[in-house]
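What follows is the residue order along each chain.
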Amino acid sequence: MSHVLIADDDPHIRQVIGIALEDAGMTVTEVENGKRAVTEAQRLSPDLVVLDVGMPEMDGFEACKAIRKRSDVPLLFLTARDEEINRVVGFELGADDYVVKPFSPRELVLRVRAILGRTREKIAEQPIVSHGDLTMDAERHLCQFAGETVELTGTEFGLLRALCEAPERVLSREQLIRAAYGANMHLSDRTVDSHIRNIRGKAAKAGYDDVIATVHGVGLKLGSCQR
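The structure presented is a predicted model; accordingly, all values stated were derived computationally and were not measured.

Most often, soluble globular proteins keep nonpolar side chains buried together rather than apart. Counting 29 residues, the largest nonpolar core has L134, M136, C143, F145, L160, L176 and I212 as the members making the most contacts within it. Excluding residues that lie within four positions of it along the chain, F145 makes contacts with D133, L134, V150, A203, Y208 and V211. A41, V53, C64 and I67 belong to the second largest nonpolar core, which has 21 residues in total.

This is the structure in structure tokens:
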């Protein structure tokens, strides 16, 4: 049974989400601010965290930063902010998805299930794939370049692994999503680009600037992954 941590300062929103997720067979823990979200995420090790952006004491973006220092738990942002810049910031901080208020509880449940499902599916596949200095172990959710660990979110890990499994192929964004998650996952091109930018940035910090190559007008492919 999946355990979801919900952080929102609106008790009604927490209740609506909690009931929807419990009806879907999940267990739920609710907190009312960002500081408690960070504390409970560390204490409980949930399977997924739903974070409202506009919370008191510590907003969702700051809470996400703090959680990401200790964990790669899947994160879904919930917010009234619909501006593109806020969505981009959320994904750059390591979010796996972004739902804008007002929302459909049913849609939120489907998005939560999609995130949890693709995380589990990766573990069931052949655990280790490699290319150049890059090694990806799905069972341990471990990404390493020449033995140096690079922390990736669940979505980032899935996208990079899909490219690593077909290193000679150029994949369109749609093909990449299908290769990573199957036909039931829907990510916009902008969302994919945000995750790809995050992967490139993290790999660059490890000394690898060419981990993902863009073939203009076609799609993306794995780079040499070698220094």
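This part covers the sheet that holds strand β5 (residues 97–100). On the basis of which strands lie adjacent, the open sheet formed by 5 strands has the order β2-β1-β3-β4-β5 and parallel pairing. Pairing within the sheet leaves two strands with one partner each, and these edge strands are β2 (27–31) and β5. Across the sheet, the axes of successive neighbouring strands diverge by a mean angle of 20 degrees, strand direction being ignored. Sheet contacts for helix α1 (residues 11–23): β1 (3–7), β2, β3 (48–52) and β4 (75–79); angle to β2, the most-contacted strand, approximately 170 degrees.

The description of an aromatic ring pair uses the distance of the two centres, along with the angle that the planes make with each other. For the structure on display, the rule yields 4 aromatic pairs. Consider the rings of F91 and Y98, whose centres lie 6.3 Å apart with planes at 50 degrees: the pair is tilted. Owing to a relative accessible area of 5%, F91 belongs among the buried residues under this scheme. Put simply, the rings of F61, F77, F91 and Y98 pair up and form one aromatic cluster.

Under the criterion given, the structure shown has 0 disulfides. You can see C164 has no disulfide; the closest cysteine sulfur is in C225, sitting 6.7 Å from it. The buried category is assigned to C225, whose relative accessible area is 0%.

Moving on, we come to unusual backbone geometry. Residue P102 follows K101 across a cis peptide bond; omega there is -10 degrees. For P102, the location among the structural elements is in the loop between β5 and α5 (105–124). Of note in the backbone geometry, H141 takes a positive phi value of approximately 50 degrees without being a glycine. In this fold, H141 is placed in the loop between β7 (134–137) and β8 (142–145). Accessibility expressed as a relative area gives 24% for H141, which makes it partly exposed. Residue C225 is not a glycine yet carries a positive backbone phi of 55 degrees. By the element assignment, C225 lies in the segment after β11 (219–222).

Spatially, β6-β7-β8-β9 is the arrangement adopted by the 4 strands of the open sheet, whose pairing is antiparallel. Only two strands of the sheet have a single neighbouring strand rather than two, namely β6 (128–131) and β9 (148–149). Pairing analysis gives 4 bridges linking β7 to β8, with the strands arranged antiparallel. Bridge pairing in β8 places L134 opposite F145.

Now for the packing of helix α2 (residues 34–44) against helix α3 (residues 60–68). At a minimum axis separation of 9 Å, α2 and α3 run at an interaxial angle of 20 degrees. Classified by the angle their axes make, α2 and α3 are roughly parallel. Of the two possible hands of crossing, α2 and α3 adopt the one that is right-handed. Contacts between α2 and α3 involve G34, A37, V38 and A41 from the first element and A63, A66 and I67 from the second. Residues belonging to the contact of α2 with α3 are distributed by class as follows: 6 nonpolar, 1 polar and no charged.

Right, let's talk about the side chain of D52 for a bit. As for its position among the elements, D52 is in strand β3. A distance of 3.2 Å separates a polar atom in the side chain of D52 from a polar atom in the side chain of K101.

Within this structure, the stated rule accounts for 15 salt bridges. Here E32 and R36 are joined by a salt bridge, their closest N and O atoms 3.0 Å apart. With a relative accessible area of 34%, R36 lands in the partly exposed category.

The rules behind the values
- Residues numbered from 1 in each chain as written.
- Predicted model: local features only at pLDDT ≥ 70, side-chain atom pairs only at ≥ 80, totals over all residues.
- Heavy atoms only, no water.
- Core = buried A, V, L, I, M, F, W, Y, C linked by side-chain atoms within 4.5 Å.
- Buried < 20%, exposed > 50% of the residue type's maximum accessible area, 1.4 Å probe, protein only.
- Contact = heavy atoms within 4.5 Å.
- Pairing = 2+ DSSP bridges.
- Helix = DSSP H or I, 4+ residues; strand = E, 2+ residues; numbered from the N terminus.
- Axes fitted to C-alpha atoms, helices over the stretch in contact; angles between N-to-C directions.
- Phe/Tyr/Trp six-rings, centres within 6.5 Å; stacked < 30°, edge-to-face > 60°.
- Disulfide = S-S within 2.5 Å.
- Parallel < 35°, antiparallel > 145°, perpendicular 65-115°, else oblique.
- Left-handed = near helix turned anticlockwise from the far one by under 90°.
- Nonpolar A, V, L, I, M, F, W, Y, C, P; charged D, E, K, R; others polar.
- Polar contact = N/O pair within 3.5 Å; in protein donor to acceptor, adjacent residues only side chain to side chain.
- Salt bridge = Lys/Arg side-chain N within 4 Å of Asp/Glu carboxyl O.

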